[in-house]
Amino acid sequence: QEMTVTGVVTDASNGMPLPGVTVAIKGTTIGTITTPDGTYTLKANKGQILVYSFIGYKNVESVIGDQSQINIALDADVIGMEEVVVIGYGTSKKKDLTGSIQTVSADDFNQGVLSSPQQLINGKVAGVQITDGGGAPGEGATIRIRGGSSLSASNDPLIIIDGVPLDNSGVSGMRNPLNVVNPNDIETFTVLKDASATAIYGSRASNGVILITTKKGKASGLQVDYSGNVSVATPASKLDMLSADEYREVLADKFPGNVGLLGTANTDWQDEVYRNAISTDHNLALSGMVVENLPYRLSVGYNNTNGILDESSMERTTASLNLNPSLFDDHLRVNIAAKGMFINNNFSNQGAVGAAISMDPTQVIRGDEYAAYGGYFAWARPDGSPNGNAPDNPRALIDQRVDKSKVNRFVGNAQFDYKFHFLPDLRANLNLGLDMSEGKDDDGIQTLPGAAWDTDAYLRGGGYNTYVQKKENKLLDFYLQYTKALPSIDSRFDVMGGYSWQHFWAENTSGSWFNLPNEDGEYVRDPENLTRNENYLVSFFGRLNYILSDKYYVTFTLRNDGSSRFSEENRWGLFPSVALAWNMKEESFLSNSDVLSTLKMKVGYGVTGQQDIGSDYGYFGTYKSGQPTAQYMYYNSLTGSYDRIPMTTIRPNGYDENLKWEETTTYNVGFDYGFLNNRISGTLDVYLRETKDLLNQIPVPAGANLTNELVTNVGSLENKGFEFTVNATAIQNNDFTWDIGANVTYNQNEITKLTRVEDPNYLGVQTGGISGGTGNLVQIHQVGQAAGSFFVYQQVYDNDGNPIEGVYIDRDENGEFNESDLMVYKQSAPKVMLGLNTSLTYKNWDFSLVGRANLGQYVYNNMASNTGWYNSMQISGEYLNNLNRDVFNTNFNSAQYLSSYYVQKASFFRMDNITLGYDMSDLLNNSFKMRVYSSVNNAFVITGYEGLDPEVSGGIDNNVYPRPRTFLLGVNVTF
Amino acid sequence: CVNDLDVTPIDPNLATADKILDSEEAFYQVLTKIYAGFAVSGQTGPAGDPDLVGFDEGHSQYWRAYFVCQELPTDEAVNGWNDGDLPDISQLDWGANNGFIRQFYYRAIYQVSLANEFIRQANSLGKEEYTNLPQYMAEARFLRALAYWHALDLFGNGVPFVTEDSPIGSVLPLPAGEARGPELFNYIESELMAIVGDTEDDSQVLLDVGQSMGGQANKAAAWMVLAKLYLNHSVYLGETNSEYYTKARTYLNKITSAGYSLITDSEVTDVYTPYERLFLADNYSADSEIIYSINFDGDVSRSYGGMTYVIAASIGGEMTPNEYGMANGWGGNRTTKALVNKFDAADGRALWFTEGQQLEIDQQDQFTHGYAVVKYKNRTRSGGFGTNEGSSDWVDVNVPVFRLADAYLMAAEVDLRLDGSVSAQSLSYLQEIVDRAGVSLPTNVDLDWILDERARELYWECHRRTDLVRFGKFTSGYNWPLKGNSLSGKDVDAKYNLMPIPFTDITANPNLVQNPNY
């Protein structure tokens, strides 16, 4: 029967009344909120359950009995601080962390992610820049943590999945090295940023570490999860080229002698190669207990992503099994993870992206008169042979090429964690891992007969290319950990020491041949090209944690890494780190503060290394046999018949016996803060990272070695910056929750040294190849500048602000204009990155936004520089090229590839994702949980950049597969 | 475990010196790499695993880079590709960081390093029973001398000087000497004299004329470099010494009396003239005239440089690549009216394609400005295709590095420089040359005529810059389109007679001194 219930809600820690607490009757929408003095009144029935909830406190439920007064004391719930976080070789409570670590778990992942794991956290982690390589299905990404610490060696972070470090070089036939795990199987992404967190991984940790854990079985009854979605991708924008009519007009004006080359059609080549593509994704996971103490999770996934470039697709089937039994009264915990992935890729022909831009819009796509070219229009020479220099028919590029791959990959590991029976504080952990893959073409990369865009294949009846790559990487880790609390001195410590062994092995085979048989009717194949390589890493590592009074923390780690890539003298590298943390909130002067709920200061120092130098044998002299197409031909003129005597060559390779580790020293000062019971919380980190003995490819003194440039240890660079994150719950009440998250990263990269001997005149290392011409470089690594800064001629502008063709500043004022007048101009990496996300929940509805901004970055607009000048319309009267509309801004007649004009501001804000969801569980009487949602990916971009997309990895905008805009409908079901 | 860190290559194509150099054949393959270093650009062919890094691989090929330095700055060739600072070369407007000059510099010194390594290993691992090893070492020394001579000619005496006695690794080589000085000149001379058997130590000697294979160096090849060294000595040493002209005459005499003869014969199946036969896919058979060649082959010796470059870059406009045995034309190199106008109408050596081409160059980047040159063709003398069947860019045409006609012209030049007149013998050589061309000798053969005749006979064979410098006409006193970045041509600073030592090496090696005024 209905009765009136009243009461006071207080804070359990100090007895103070709590206003604003939600008091609701469970299972209904009836409820109220406590008044400023903490009291509430509510009508309810006996036997019903009241739920008291308030942000920052643990929920309390109370059954209504006979009494009408129910007073409740709520315990503070320090959000997240008890959470367990994966760290290198073990786990830690979040509150005990001393390093700069950020975790994103499944609940917080970006929604509506299609196929690539990295998209789950894009924009969510400060200091992490993720740039997708383009819009291809399952495309990989460039991941940079706190800027790049290297120039020539890898700048990719170390990625570890369930304890198995991945080999970053990827797998042939696979677009993305991260494509080893189905995004739906991922439980957490943990990003280790500063050296005190990463140094335990020693020589591979300079660029940060990303730990990925997959979902595991739970000790409960059978749970079935299904998630699925269907999506439509559409081209987000097109590059601004001339239309057919405009083109006719401009050609008649500029090159009236060449109008005879014009066609009669109006073709928008970009429309011809792009499409709206429908994709689907299905995932089914079963978890539970098979028998007692054997939790399992089994999942299968099927993803069929179609790209907006016609024919491009990825079909991926994944299977994952996690078993985590515990034996001997929980003394032995076993974790077995096996992941299999089977991918069929269709690469289509990405050459069509560029061809669709340069192809003359007045030409037809197909025509009877082009029968020799399979019916596709092609620019021909007077004798009817295709003109190999002319733009290729984009449709023919797609239709006359078959480029598919099949990739199988298995990553598995078995981890045994044994708590000693006689000494439970001591644990032994053994991890055995295997990462195997085979990537190969599927039925040859075929260039079909008649393909005018490949003159060799055209003349020889079409061609085939094949490749097979096999990889096998093995891992053995073993460590002992001893954990002890010493209440007498209010201390806790744990000490860990271990050994790790890894072997990386790869074999590549490739070959090619043409369809045209020789006079004996044989299809002559070029001999297969086979390479094989391996390297080993052997390491010893240890860590000591000491915690005093839950206020003062010390962590010390040390790793000694040995790599087969260095000579005996330089083989071993020692990588120490030390970190201190101070939980200031626990100090008496803060512990009573009601406003401040968390304040922790962390100071860290550490040294990490880099050995990913691309060569496995760079430190000793090797001799290399040439391939059969790089022989030298002698003719035996002594016989008079001039017999051909081809001879294979053997080349001595250059080497640097002093090659050694690259070393990055990181200093980090960080704060964790929280206000109002952590309703507002976040972190602030300031860091400095100095890399010395930079592995850098530099010119060696001519004559000193057997090469002109060598990867050697010279130079140094630094990255400094800060990261700030804030997460806040703006509103939380019974029906409505509004969370806001933001992060800001500022990073400045500067090369501080590049030569052994200080030389102010040293120019630096030019880099940054572009499309257009051959061997043109527009970037430079120069001392005092950010790595990869642009290196161009300083454009002179007229009074109206238009560039004057071919007029540049004579920077060295010597009266001659040549390459000595190039200048360093702007950087390609963003100076500031912002990540923004917000989510709103109203009753059963949820709505979220995720966006990112990069500020202070510049892009070399290669699309405009390569097709934005009038002479490029016609080359010697042979064929026509379309023009970028940018030509109307510049009026350039000739190519000005090295003009600073093309280095353009490319700051942007991108709305990565908008999602609206509805929880239908209520409607289904909670018999099972179901949520339906709809989202838009890549919803819009705000930028002043005039090219297709301002987000370009490496800073040179050319031929990127455009990122699509994707609309998605999905459902998650659990029962 | 820890011992796993001691690795040896598992790649079937890779080994350490002691493992691979275990036979005479292996030494021969290492020697062949030095030869191949003039032809291909890396160990994969046509591209991949390059010898030099940091460059476009095709650009960095020896003969392509040499062609760029020897032909593009002269009246014989123009290129307007938008390839970095390449247009500056045709304009004689390069700086110390020009990428194309840099590429040749490093390639030439690389060849020296390869030869040094071969000699070093032969000295330490070679065995008594490897009976051909001394001859191989002589060939390696020839190839080193050839590369050094090119380096001396382009960059002067200040280039880094390394021999088989120099260590490999983190060392800073010393320059041979000052920009104009005798050290490198003397070294090249002594090396060449040793390997032709003209010194006391004749343990490592080249094969005699008639004993070598096509593409292999014999004594005449070394005589030719010696003669060139002597003929140009006043440029290299900064002063004239008639003794050197006498020495040049000595070696030219050896060449002209070694049994070589100009190609003048033809067969009924020939579709090209005897002169053109020197530049065809089967020019290996023109070995009566060609003294030394760098060989290419469409099947096994492929590169984006070398003859592929010389031919493909010369095809564009209305030309049909297939006609020249190519799948593609790259539309780059043409010639200027300064060369075209040197020819009589009757001269059969004027091999131009003019349809759609204008003689005047108004724009450097338009292939149709300037006549196209069709001297080199990847076709056989009977009009057939080579190994590529006309369906790829990989050619069979060998580079005629040295040929008898050049020696004839040099002999006449030496006469003029020593005696002021041309000897009857030399005059008969010149007569053979003009007869084959279908023109006649002037009544008075003087040095100016020699310089022009060298252009007519030897254009696009990478002699031109050297010749113009020797005649004092490279930077001033004679102009041609685009010189000095002027359409009509104008004088440029005398510093351009020497190319700059690349900035990158000046920086990497503080022992080096930049050439004057760069």
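Counting restarts for each chain: residues are numbered from 1 in the order of the written sequence. Both sets of labels track the order of writing: A upward for chains, 1 upward for ligands. Totals for whole chains, interfaces and linings use every residue, but because this is a predicted model, local features are given only for residues with pLDDT of at least 70 and side-chain atom pairs only at 80 or more, for both listing and counting. Values reported for side chains reflect all heavy atoms of the structure, with hydrogen atoms and water molecules removed beforehand.

**Topic: the overall build of chain B**
Selection rule: Only runs of H or I of at least four residues qualify as helices and only runs of E of at least two qualify as strands under DSSP, and these elements are numbered from the N terminus. The globule rule used here is 2.2 Å times the number of residues to the 0.38 power, and the radius of gyration it is set against is calculated over C-alpha atoms. Relative accessibility thresholds used throughout: buried, under 20% of the residue-type maximum; exposed, over 50%; partly exposed, between the two (1.4 Å probe, protein chains only). In this analysis, two residues are considered to be in contact whenever any of their non-hydrogen atoms come within 4.5 Å of each other. The Shrake-Rupley method, run with a 1.4 Å probe, gives the accessible areas here. Residue values count only the displayed protein chains as cover. For the charge count, each Lys or Arg is scored as positive and each Asp or Glu as negative, with His and the chain ends excluded. Positions of charges follow a simple convention, taking NZ of Lys, CZ of Arg, CG of Asp or CD of Glu.
Within chain B, the secondary structure is distributed over 18 helices and five strands. Taken over the C-alpha trace, chain B has a radius of gyration of 22 Å; the compact-globule value for 518 residues is 24 Å, and the two agree within 12%. Across its three principal directions, the C-alpha atoms of chain B cover 75 × 55 × 50 Å. Counting all 518 residues of chain B, 69% fall into the buried class. Put simply, 68% of the contacts in chain B that link residues at least 6 apart link residues at least 24 apart. As displayed, chain B offers around 15,300 Å² of accessible surface, 46% of which is attributable to carbon and sulfur atoms. Of the charged side chains in chain B, 37 are positive and 72 negative; the average position of the first set lies 4 Å away from that of the second.

**A look at the overall build of chain A**
A tally of helices and strands in chain A yields nine helices and 56 strands. For 975 residues, the compact-globule estimate of 2.2 N^0.38 gives 30 Å, and the C-alpha radius of gyration of chain A, at 32 Å, lies within 12% of that figure. Counting only C-alpha atoms, chain A reaches 110 × 65 × 65 Å along its principal axes. Contacts in chain A between residues at least 24 apart in sequence constitute 69% of all its contacts with a sequence separation of at least 6. Computing the positive centroid from 72 side-chain charges and the negative centroid from 108, chain A places the two 6 Å apart.

**Focus on the packing of aromatic side chains**
Note the following rule: In this scheme Phe, Tyr and Trp rings, the latter by its six-membered ring, pair at centre separations within 6.5 Å, and the angle between planes marks the pair as stacked below 30 degrees, edge-to-face above 60, and tilted otherwise. Any Lys NZ or Arg CZ that is within 6 Å of a ring centre and within 35 degrees of that ring's normal is treated as a charge sitting over the ring.
Tallied over the entire structure, the rule returns 74 aromatic pairs over all chains. Plain terms: the ring middles of Phe-279 of chain B and Tyr-376 of chain B are 5.3 Å apart, the flat faces sit at 80 degrees to each other, and that makes the pair edge-to-face. Of this pair, Phe-279 of chain B sits in the loop between helix H11 (274-277) and strand S2 (290-294) while Tyr-376 of chain B sits in the loop between strand S4 (372-373) and strand S5 (399-403), placing them 97 residues apart in sequence. As far as burial versus exposure is concerned, Phe-279 of chain B and Tyr-376 of chain B are alike and both buried. Arranged with centres 5.8 Å apart and planes meeting at 85 degrees, the rings of Phe-343 of chain B and Tyr-459 of chain B form a pair that is edge-to-face. A residue pair is termed long-range when its members are at least 10 positions apart, and Phe-343 of chain B in the loop between helix H13 (337-340) and strand S3 (352-353) and Tyr-459 of chain B in the loop between helix H16 (447-458) and helix H17 (464-470) qualify at 116 residues. Of the two residues, Phe-343 of chain B and Tyr-459 of chain B, both sit in the buried class. Of the aromatic side chains, those joined through ring pairs into one cluster are Tyr-632 and Tyr-634 of chain A together with Tyr-28, Tyr-35 and Tyr-136 of chain B. Sitting over the ring of Phe-385 of chain B, Arg-379 of chain B keeps its end group 4.2 Å from the ring centre. Its end group placed over the ring of Phe-471 of chain B, Arg-417 of chain B keeps NZ or CZ at 4.8 Å from the ring centre.

**Let's talk about the nonpolar core**
Stated formally: Each nonpolar core is a collection of buried residues, namely Ala, Val, Leu, Ile, Met, Phe, Trp, Tyr and Cys, held together in the definition by side-chain atoms within 4.5 Å.
Counting residues in each nonpolar core, the largest one holds 182 residues, and the members touching the most others are Phe-118, Phe-142 and Tyr-292 of chain B. Grouped together as the second largest cluster of nonpolar side chains are 39 residues, Ala-233, Tyr-247, Ala-378 and Ala-396 of chain A included.

**Observations regarding the sheet that holds strand S2 (residues 22-25) of chain A**
Residues and elements named next belong to chain A. Operational definition: Criterion used throughout: strands pair if DSSP finds at least two bridges between them. A fitted line through C-alpha atoms represents every axis, and for helices the fit uses only the stretch in contact; the resulting angles, taken between N-to-C directions, go from 0 to 180 degrees.
Spatially, the four strands line up as an open sheet ordered S3-S2-S5-S6, and their pairing is antiparallel. Strand pairing shows two members of the sheet lacking a second neighbour, strand S3 (31-33) and strand S6 (60-63), which therefore form its edges. Neighbour-to-neighbour, the strand axes of this sheet turn through a mean angle of 20 degrees, independent of strand direction. Relative to strand S5 (residues 49-53), S2 runs antiparallel, the two sharing four bridges. For Ile-25, the partnering residue across the bridge sits in S5 and is Leu-50.

**A word on the interface of chain A and chain B**
What counts here: In this description, buried area is defined as the sum, over both parts, of the accessible area (probe of 1.4 Å) that is lost when the two are combined. Salt bridges are identified by distance alone: a Lys or Arg side-chain nitrogen within 4 Å of an Asp or Glu carboxyl oxygen.
Listed per partner, the contact involves 100 residues of chain A and 123 residues of chain B. Summed over both partners, the interface of chain A with chain B buries about 8,900 Å², with 54% contributed by carbon and sulfur atoms. The interface formed by chain A and chain B includes five salt bridges. Between Asp-6 of chain B and Arg-571 of chain A there is a salt bridge, and its shortest N-O distance comes to 2.6 Å.

**With respect to the pattern of salt bridges**
Residues and elements named next belong to chain A. Applying the stated rule across the entire model yields 82 salt bridges over all chains. Between Asp-271 and Lys-238 there is a salt bridge; the shortest N-O distance is 3.0 Å. Placement of Asp-271 in helix H3 (residues 269-273) and of Lys-238 in the loop between strand S17 (223-235) and helix H2 (244-254) is noted, with a sequence separation of 33 residues between them. The exposure class of Asp-271 is partly exposed, given its relative accessible area of 45%. On the basis of relative accessibility, which here comes to 40%, the residue Lys-238 falls in the partly exposed class. The partner of Arg-885 in a salt bridge is Glu-246, and the shortest N-O contact between them spans 2.8 Å.

**With respect to the pairing of strand S39 (residues 695-699) of chain A**
The two faces of the sheet receive side chains in turn, since in a regular strand these alternate between them. Residue and element names in this part refer to chain A. Taken across its five residues, S39 has four buried, putting it largely inside the fold. Examined bridge by bridge, S39 and strand S40 (residues 709-713) share five bridges and lie antiparallel to one another. Bridge pairing in S40 links Leu-695 to Asn-713.

**Quick look at a negative patch on the surface**
Our working definition: For patches, a residue must show more than 30% relative accessible area and have no salt bridge; joins then use 9 Å for like charges and 5 Å for nonpolar side chains, namely Val, Leu, Ile, Met, Phe, Trp and Tyr.
Negative charge collects at one region of the surface, where Glu-83, Asp-107, Asp-108 and Glu-187 of chain A lie side by side. Within the secondary structure, Asp-108 of chain A is located in the loop between strand S10 (101-105) and strand S11 (128-132).

**Regarding the packing of helix H2 (residues 24-36) of chain B against helix H5 (residues 99-125) of chain B**
Residue and element names in this part refer to chain B. Definition in use: Our angle categories are set so that under 35 degrees counts as roughly parallel, over 145 as roughly antiparallel, 65 to 115 as roughly perpendicular, and the remainder as oblique. Helix crossings get a hand from a simple test, with the near helix turned counterclockwise from the far one by less than a right angle marking a left-handed crossing and a clockwise turn marking a right-handed one. We call Asp, Glu, Lys and Arg charged. Ala, Val, Leu, Ile, Met, Phe, Trp, Tyr, Cys and Pro are nonpolar, and the rest, Gly among them, are polar.
One way to put it is that H2 packs onto H5 with a least axis distance of 9 Å and a crossing angle of 165 degrees. Compared by their axis directions, H2 and H5 come out roughly antiparallel. For the element pair H2 and H5, the recorded crossing hand is left-handed. Along its contact with H2, which presents Phe-27, Val-30, Leu-31, Lys-33 and Ile-34, the element H5 presents Tyr-110, Gln-111, Leu-114, Ala-115, Phe-118, Gln-121, Ala-122 and Leu-125. When the residues that make up the contact of H2 with H5 are grouped by side-chain class, the tally is 10 nonpolar, two polar and one charged.

**Some details on the confidence of the model for chain B**
For clarity, the cut-off: pLDDT expresses, on a scale from 0 to 100, how confident the predictor is about each individual residue.
Of all residues in chain B, 100% attain a pLDDT of 70 or more, and the chain-wide mean is 94. Here the prediction assigns the complex a pTM of 0.83, and the interface score ipTM is 0.96.

**With respect to unusual backbone geometry**
Omega for the peptide link from Gly-45 of chain B to Pro-46 of chain B comes to 0 degrees, which places this bond in the cis form. As for its position among the elements, Pro-46 of chain B is in the loop between H2 and helix H3 (62-70). Residue Asp-693 of chain A is not a glycine yet carries a positive backbone phi of 50 degrees. Take Asp-693 of chain A: it is sitting in the loop between strand S38 (680-692) and S39. Here Asp-49 of chain B, not a glycine, exhibits a phi torsion of approximately 50 degrees, which is positive. With respect to the helices, strands and loops of the structure, Asp-49 of chain B is situated in the loop between H2 and H3.

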